[in-house]
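# Chain and residue survey
One-letter residues, chain by chain:
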Amino acid sequence: MKRKAQPQAGSPKPAKKKSKTSLSDDEVQKRFRKGLFDKDELNKYTQGYAASTPYKHSVIPQLIDDKLLRSVRNEIRDNVSFTPKETDIYKIHQSGDLANLDGLDDAALAKLPSLLALRDAMYSQPFRDYVAHITGCGPLSGRKTDMAINVYTPGCYLLCHDDVIGSRKVSYILYLTDPDQPWQAEWGGALRLFPVREIEGADGGQKAKTPAPDVAKVIPPAWNQLSFFAVQPGESFHDVEEVYRAASAAQLKKDGGRVRMAISGWFHIPQAGEDGYEPGAEEKQVRNSGLMQLQGNPEQYDAPRPRPVPASLEESRFTVDDLEFLLDYMVPTYLTPDTLEEVREHFEEGSSIELPDLLNNEFSEKLREFVTTLDRSPTVEDTAEIEKGPWRVARPPHKHRYLYLQPEQEQASSAEGAAASKKKQQKQKQKQKSPLKELIEDFLPSEAFGRWLQNATGCTIESHDFMARRFRRGRDYTLATGHEGKPRLELTLGITPTRGWGDEEGDEDEEEDEAAADEEPTTTKTNGKGKDKGKGKAKAEPPKKNKKATSRKDDEDKKEAEDFGGQEVYMAGDDDAANEDAAIYKSGGDDDDNILFFQAAAWNKLSLVLRDSGALKFVKYVSKSAPGDRWDISGTFEVEEDSDDEEEDKGNGEANGEQQATGVLDDTEEEWNGFPSSPDSESD
């Protein structure tokens, strides 16, 4: 991850970079805990590392001389600023790279002497040899320092990843939590390790490695504790548990703000001129890492697997039977010619639209009662137990994790139309199904809905694929991905029964929901290139409001609800940022958001987006403090590509690429102001 140095102390004008101080063995050892370098201690940690699971790692308590580390913490509190940053994979506060300490002027360095002493001790020859002996990873670089200070306040997290980038050899984290108020495990913030499943290839082929969705090792933070492990492609998967919010401001104050501060970084392979340097070693490591990650084609074990069903929509006009069938599920408003024409105009102009209150009252109430019951039921966290029932767990966790329910194969392969001859048989089936099953097996795959969708979007549908999804509080998310091939139509029907997520329609009373169904549809349009559908480079506008005005409390609820996560986000991809974070959508006070479409968890709201391979999509991690789980129906439609669009893309596709999205995500989070100056101060 890229970091910008922002120390408060010193001149903004960069100074000439200084060479690192060479320390004697005695000087180094004085900066660590007494007895750490004793042979018996080293052997103890080496043996523990070799026997550890789910992959080799080590935890060393009381690593640094306590007086030195307390001084480091005080210097950071007084002199280092942090930038709040959010991507699809993390939400944290970051300092600059501490390698840049050498570039500070003397006045700035004078305010950070203990921090500099700690950095030089961590990358000294004696300690690098210590780590190399425990891990057996070979020589480590003292020249290439790579460390930063990360602060996790309540609501912050880091999702599953393996740390494999470039020349990294060993990953570590040194905790600087409050030394006088021990960190409690129930506050979260733990380093968690994922087990890796080895799968035998067909016909004795190569084994594939893929991480399991459940963590196997939990290492809570503790003052002056070092955790580290060798970076291993396809194996060293880990995350940082969310730092959980306190039940009240008073409890948060009592807990000291629950500020999880740590210095984290990596040891790298030796650089040119260092002992152990091998020309071409870094390039070889990068190449081998890529091969190891692809070995055995682990993607074939990803879940869920697509189940596209060919569409047979030869006739585009509605029949009387179609309308009768759709009225069993939809409000009449969306079936009138005028409304369909309006919806189509909005969609063709911006390639996306939101339709609130799609489902009629009768079916909506039945669905809400069913989903609410599931949402309130005790959740099972063990994947094996969950999969004894109809739900499955999406995997691998470095791509996504959520519960999903797909249509029965026999249902998916023969989506029923609305013909009168089949209506009686279908009614009998519905009596035996849950409302969720009705949505993904009867209503959405039907020929009647397919024809409605073609009329509403102007797209010619070739196939469909549906599933119900549940994003559990404190566990689930999807990370940013694109897709290969031509543009496709994507559907999300929000069926989250709880309120407080920031969606205006979802937060209204039932009576207001019912009244809204009789009004004009609420739409969100992205002003793109007219018929240029799904190019991921449009300027988004806020949704039109219903006739009922929204209150200040609605706005406050929406602002606050962003912290809960669960939003589905579409972003413009950046081909030139391959080595940077894939989906940075909030960083400090920057106004360079590139969001194309944004939808909070909602009840009874349909979103349609025509997306091409250049647009990224993800669902934000759902906080443990969310009002409930996020529920939705997700659908993907392959559509015929318009040849006129292809020609238009060639002519002016880049012209709109510079437009920035506005009005979709309110960048309201304030920069974290650091530690309180007195015990009476509150931390956010």
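Presented here is a report on the structure given in the accompanying data block. All values reported here derive from a predicted model rather than from experimental measurement.

### So, the pairing of strand β2 (residues 83-87)
The buried count for β2 comes to 5 of 5 residues, which makes it a mostly enclosed element. Judged by which residues are buried, β2 turns out to be covered on both faces: T83, K85 and T87 on one side and P84 and E86 on the other are all buried. Here β2 pairs with strand β3 (residues 90-97) via 4 bridges, running antiparallel. Each bridged residue has a counterpart across the sheet, and for K85 the counterpart in β3 is I92. Counted between consecutive antiparallel strands, the loop separating β2 from β3 contains 2 residues.

### Focus on the packing of helix α10 (residues 337-350) against helix α16 (residues 447-457)
Where α10 meets α16, the axes come as close as 6 Å, and the angle between the chain directions of the two elements is 60°. Considering the angle they form, α10 stands oblique to α16. Residues L340, V343, R344, F347 and E348 of α10 touch α16, and the partners they reach there are W452, Q454, N455, A456 and T457. Of the residues assigned to the contact of α10 with α16, the class counts are 5 nonpolar, 3 polar and 2 charged.

### Re helix α2 (residues 39-51)
Helix length check: α2 (13 residues) gives 18 Å between terminal C-alpha atoms against 18 Å at 1.5 Å per residue, within 8%. Considered for burial, the residues of α2 that qualify are E41, L42, Y45, T46 and Y49. The buried side chains of α2 occupy one side of the element, clustering within an arc of 130° when seen end-on. Exposed and oriented more than 90 degrees from the buried face of α2 are K39, D40, Q47 and A51. Residues of α2 that are buried in the fold lie against β1 (58-60), α6 (125-135) and β11 (226-230).

### Some remarks on the sheet that holds strand β17 (residues 400-401)
Taken in spatial order, the 5 strands line up as β17-β20-β28-β24-β26 in an open sheet, and their pairing is antiparallel. Each having just a single partner strand, β17 and β26 (595-599) make up the two edges of the open sheet. As defined by bridge partners, β17 adjoins strand β20 (residues 477-481) across 2 bridges and the pair is classed as antiparallel. Paired with R401 across the strands is Y477, a residue of β20.

Parameters at a glance
- Residues numbered from 1 in each chain as written.
- Predicted model: local features only at pLDDT ≥ 70, side-chain atom pairs only at ≥ 80, totals over all residues.
- Heavy atoms only, no water.
- Buried < 20%, exposed > 50% of the residue type's maximum accessible area, 1.4 Å probe, protein only.
- Helix = DSSP H or I, 4+ residues; strand = E, 2+ residues; numbered from the N terminus.
- Pairing = 2+ DSSP bridges.
- Axes fitted to C-alpha atoms, helices over the stretch in contact; angles between N-to-C directions.
- Parallel < 35°, antiparallel > 145°, perpendicular 65-115°, else oblique.
- Contact = heavy atoms within 4.5 Å.
- Nonpolar A, V, L, I, M, F, W, Y, C, P; charged D, E, K, R; others polar.
- Expected span 1.5 Å × (residues − 1).
- Arc of directions from axis to C-beta.

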